Structures are given as structure tokens and as C-alpha cells.
Amino acid sequence: MTKKTGTFRVKSGLAQMLKGGVIMDVVNAAQARVAEKAGAVAVMALERVPSDIRADGGVARMSDPKMIKEIQKAVTIPVMAKCRIGHFVEAQVLEALEVDYIDESEVLTPADEQFHIDKTKFKAPFVCGAKDLGQALRRIQEGAAMIRTKGEAGSGNIVEAVRHIRTVRSEIDDIQKLFKSGNTRKLKEKAAEYRVSYELVLQTAKLGKLPVVNFAAGGIATPADAALCMQLGVDGVFVGSGIFKSADPKKRAKAIVDAVAHFTDAKKIAAVSENMGEAMKGQEILKLETRYSNRGQ
Amino acid sequence: MQALRVGVLAFHGDVAEHVRATEEAGKHLKRALHVILVRTKDDLRGLDALIIPGGESTTLQKLCEREGMFGPMKRIKNIFGTCAGAILLAKTVRNKEKDQRTLGLMDIEVERNAYGRQTESFEKRIQTTLGKIDATFIRAPKIVKVGTDVEILAKDGNEILACEEAKGNKYYLALCFHPELTTTKFHEYFLSRI
């Protein structure tokens, strides 16, 4: 009997093992160790956190392979890395580096305005951003094994993350109602509207949730922000700029991990939130020059 | 018969999958179960058994220790661990993170991430003492050594994939793969041993 690698079960399986966890953006080996020590379930290796990408401007690309390798050496937890939307060669490079998960991310400058990467061609699993059910299902149909609701990366503002979680939720509720009332015609119309197969819409409607693991991302800056996303029903959270742009990253990293592990326990969240020093400075969404979440439809 | 109280360590990992597999196993065995999501010391009270899911063993260890749960967990009579759970049960771990500690309950030596990174994760149909099953290995550990009192339940070539140890009134079951994703056989077996 032979081993089968790169199957969808294996790809989505890793995401299943990450549920209930916090995935942290890190830019070097030292930060990766802080994240691991705090209890992160994985790290996202990137050259600049989103708030710095915002501040610096210019084109944001895949990270230097050397930096990714250093981070892989520094920790034993999974290491993820980002490639540009549609940039399948960056993805090939990340797969060659044996990155554990590839994030086809709107935080980097898109390489293709028409096509996302055909993720079924890769052995490495992909996570992709989505701000509504149509985007989520299109990414899953392209082979994504994990979805993160986009939020607005690097903003330090949770409002978009909440909007996107709620949008996906209410759109799933809608198709679930159609399924329960046996309205096949309307479900088929939904599939056409979302530009995905009827089978995928049907599967999602039956399950009453996305058929892959769904994390929140974009703007999480405090333990309470992270727990809010969890109580809204996501499986875990990505924290980007929120940790290493705060006054005390070690303390904040651990506090966010604890808040996610105990997301319904307000006393615990109160205890870990105490005396953490300043959070990253957030921004009003309307004042942002670039809305990353509008990238990648 | 009183309902069995089975806890699933619920901080992180594939908790829902284990809960589902346990409940289904209970139905197959026609055994009344009460499945409890465990996040605190209090949740451990009065458990007949505990399941430690797949996830990151370092994260699970830290969250358990922060809650002061290691001591009470060691007193639980029946524990079933898959992947990260197997690592937490082991006395000895290779390829550890610096501060990594385990419950050290089973006389086995486990190597973390023994097959490599995620691109080496795989599915395979394997032979076990419970019959053939589809096994999923995700950044899986290997059980590289077992003590004399440890019974092997599944092997692939020289690799030990599943084993159990009964000593006194304690029973432990450790698997390198994730039965909770594909079968209820091992959950039924575990429940039947309680």
C-alpha cells in the first residue's frame, strides 16, 4: 500500500489541527521564537508586517528565502509564508522551500488581476483571504484548503474582520435555508452568482459552514479582539502587526493565545488583558489609502 | 449503567472531530456517554477518560501547564492521544522544542515531525489489530521505541504507528495518525477498554 501525499484530506487536515490556535506574523527568527514560546500554533514568515507595508508603500513581494529558512530552523511549529495573488512561481518557490502552508495574500501586491493560482496543482496547502461567501467558495474551488476572512490587514482596526465574518455567516445561513426548503433552483442560481459548482454550494449549505477551516484575520490587536472573532464562530485567528507593533510583544502574544484558548471565559480574558502596555496604533478604515481587502475577487 | 464521562482536551486542535468520533463510537457500542470539553482543572474532575487531540504539542503543553492541569491529568485513569496527544503521553521525546515537557505517562519514545514538513504528510491504508483503516499522517511523529509492557496495535514495516499500555488501573492508547478523520474504530476500542 502506497503513501499518498498532497491529497486534499492531508492539506485540509493540517488546518484542522491548527483550529483554536493563533498564527502570528513574524519577520525574523527571534520573533518566531517569541511566538512559539507564547503558544502560537504556527508562524507566518514575512519581510514586513502589514502595517509597515502600508507605511512603506511600493510593491510588496514574497519574502527572501533565506529569511524563511532561518525561521524554519528557529522553530518546530509549522511555518507559513505569503505569495502574491496569482503569482504561481512564487508559490512554486515556497513549495520548494517546504513551507507548511502558502498564503496567497492580498497583503502583497497582486501579480494577476484576473486569475488566482490553481492550487490543485500543488502539494503544499494554501490559505486564501475572502470577504464574502462567493470569494471563499471560489478560492476553495481553486483548491484552497483553508480560508481566512480578510479583515483589513495592518489597520489595527477590527471592524472589517467582523464585517467579513458576519457576511460569510449570513450568506451561509441564506443558502442553508434554501437547502432546507428544498429550493434547488435558487441554490443553482447562487452557484451561478458565485461562479462555483452547484456541488460546492450544496455541500456548504448542507454543512451550514464552509467545508474547510476558517480563521479570522486583519486588524486583531487585543486579546478581546481575538476572542470576539472566536465568539463570532471562526476556528482560530491570524495576528499580523498587532503583536510585534505593540509595546510588549511577548506579553501580548501570550495574552492573545490565552484569550483564544479560553474565548468564552470573560474573567480569563480580563486577567490576561491586564497591564499589557499599549496596543498598536490603529487607523480609521476610511482614512486608509489602500484597502487590501478589495484585492483579489 | 451510568454514562461514561469522557473529556476531550479542547483548547486547540481537531477537537470537534474527536467529539464527533467519540459520540458515534458510543452509539455503535450502545454506551451512554457524556462528552466534556476540557479547558480547566475543574473540567477534569470526575472524568473516566480523557482524549488528547491532534494539534501542536508545544501549544497544548503550555496551555495545560498555565492552567495547572498536568498534575490532575496524570491521575486520569484512561487517556487516548492522537499525534500531538501521543507526544504528550510519551516519556521521551526527540526533536523537542527547548522547554518542551510531556505528561510522561507511557513508556514510549516519540520523534516529533519525524517524516518532515507538511509536504511529506500523507494518507495510507494500514493494517491494525482492529482491521484495515485509512490513516492520515499530518506532520506526524514516529514511535521509535516502546517499553516491554507496551502492546503494539499497528505497524508499517518497522514503524510503530499505534500502541497501548495498561499498568495497574491505568490505560493509555497512543496513535501517530488521526483516526478521528476517517474511522470510529479506535474510539470504540478505547471506550470498550474503560
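Data block above holds the structure.
Residues numbered from 1 in each chain as written. Chains lettered and ligands numbered in written order. Predicted model: local features only at pLDDT ≥ 70, side-chain atom pairs only at ≥ 80, totals over all residues. Heavy atoms only, no water.

A. Local environment of the overall build of chain B. A count of helical and extended segments in chain B gives six helices and twelve strands. What you see for chain B is a C-alpha radius of gyration of 15 Å, in line with the 16 Å of a compact globule of 194 residues. Referenced to the eigenvectors of the C-alpha coordinate spread, the extents of chain B come out at roughly 40 × 40 × 30 Å. Taking all 194 residues of chain B together, the buried fraction comes to 61%. Restricting to contacts in chain B with at least 6 residues of sequence separation, those with at least 24 account for 68%. With the model as given, the accessible surface of chain B reaches about 7300 Å², and the carbon-plus-sulfur share is 43%. Across chain B, the centroid of the 31 positively charged side chains sits 3 Å from that of the 26 negatively charged ones. (Helix = DSSP H or I, 4+ residues; strand = E, 2+ residues; numbered from the N terminus. Rg over C-alpha atoms; globule rule 2.2 N^0.38 Å. Buried < 20%, exposed > 50% of the residue type's maximum accessible area, 1.4 Å probe, protein only. Contact = heavy atoms within 4.5 Å. Areas by Shrake-Rupley, 256 points an atom, 1.4 Å probe, with all protein chains shown as cover. Lys, Arg positive; Asp, Glu negative; His and termini not counted. Charge placed at Lys NZ, Arg CZ, Asp CG, Glu CD.)

B. Molecular detail of the pairing of strand β9 (residues 236-239) of chain A. Residue and element names in this part refer to chain A. Side-chain alternation along β9 places Gly236 and Phe238 on one buried face and Val237 and Val239 on a second face that is also buried. Note: strand β2 (residues 22-26) against β9, three bridges, orientation parallel. Across the sheet, residue Met24 finds its bridge partner in β9, namely Val239. Handedness of the crossover joining strand β8 (residues 213-216) and β9 through helix α10 (residues 223-231) is recorded here as right-handed. (Pairing = 2+ DSSP bridges. Right-handed = clockwise from strand over helix to strand, strands pointing away.)

C. Quick peek at the packing of aromatic side chains. Residue and element names in this part refer to chain B. Counted according to the given criterion, the structure contains nine aromatic pairs over all chains. Summarising the aromatic geometry, the rings of Phe80 and Phe190 are spaced 5.2 Å apart at their centres and angled 45 degrees between planes, so their arrangement reads as tilted. Placement of the pair is Phe80 in strand β4 (residues 78-82) and Phe190 in helix α6 (residues 185-193), with a sequence separation of 110 residues. You'll find Phe80 and Phe190 in the same group, each marked buried. (Phe/Tyr/Trp six-rings, centres within 6.5 Å; stacked < 30°, edge-to-face > 60°.)

D. Structural context of the side chain of Arg139(B). Note on placement: Arg139(B) falls in the loop between β8 (131-137) and β9 (142-146). By relative accessible area, Arg139(B) is classed as buried at 7%. Reaching out from Arg139(B), the side chain makes a polar contact with the side chain of Asp100(A) at a distance of 3.0 Å. Not counting residues up to four positions away in its chain, the partners in contact with Arg139(B) are Leu14(A), Thr76(A), Ile77(A), Pro78(A), Asp100(A), Glu56(B), Asn113(B), Gly116(B), Arg117(B), Gln118(B) and Ser121(B). (Polar contact = N/O pair within 3.5 Å; in protein donor to acceptor, adjacent residues only side chain to side chain.)

E. Quick peek at the interface of chain B and chain A. Listed as interface residues are 40 residues of chain B and, on the opposing side, 42 residues of chain A. Carbon and sulfur atoms make up 53% of the area that chain B and chain A hide from each other, which totals about 3500 Å². Summed over the three residues of chain B that lose the most area to chain A, namely Arg117(B), Thr119(B) and Glu123(B), the buried surface amounts to 21% of that side. Where chain B touches chain A, the interface holds seven salt bridges. The tally of links between chain B and chain A comes to 22 residue pairs in polar contact (both at pLDDT 80 or more). For the side of chain B that touches chain A, the per-class residue count stands at seven nonpolar, 14 polar and 19 charged. Bridge analysis of strand β1 (residues 4-5) of chain A against strand β7 (residues 122-128) of chain B gives two bridges, and the strand direction is antiparallel. By the bridge assignment for β7(B), Lys4(A) is matched with Glu123(B). (Buried area = accessible area lost by both parts, 1.4 Å probe. Salt bridge = Lys/Arg side-chain N within 4 Å of Asp/Glu carboxyl O. Nonpolar A, V, L, I, M, F, W, Y, C, P; charged D, E, K, R; others polar.)

F. Structural context of helix α6 (residues 133-141) of chain A. Residue and element names in this part refer to chain A. Counted residue by residue, α6 has eight buried out of nine residues, so it is predominantly covered. Where α6 is concerned, the buried positions are Leu133, Gly134, Gln135, Ala136, Leu137, Arg138, Arg139 and Ile140. For α6, the secondary structure elements touched by its buried residues are β6 (126-130), β7 (146-149), α7 (159-180), α8 (184-194) and α9 (198-207). Between the side-chain oxygen of the N-cap and the backbone nitrogen of Gly134 there are 3.2 Å, and the N-cap of α6 in question is Asp132. Residue Gly143 follows α6 closely and has a positive phi angle near 115 degrees.

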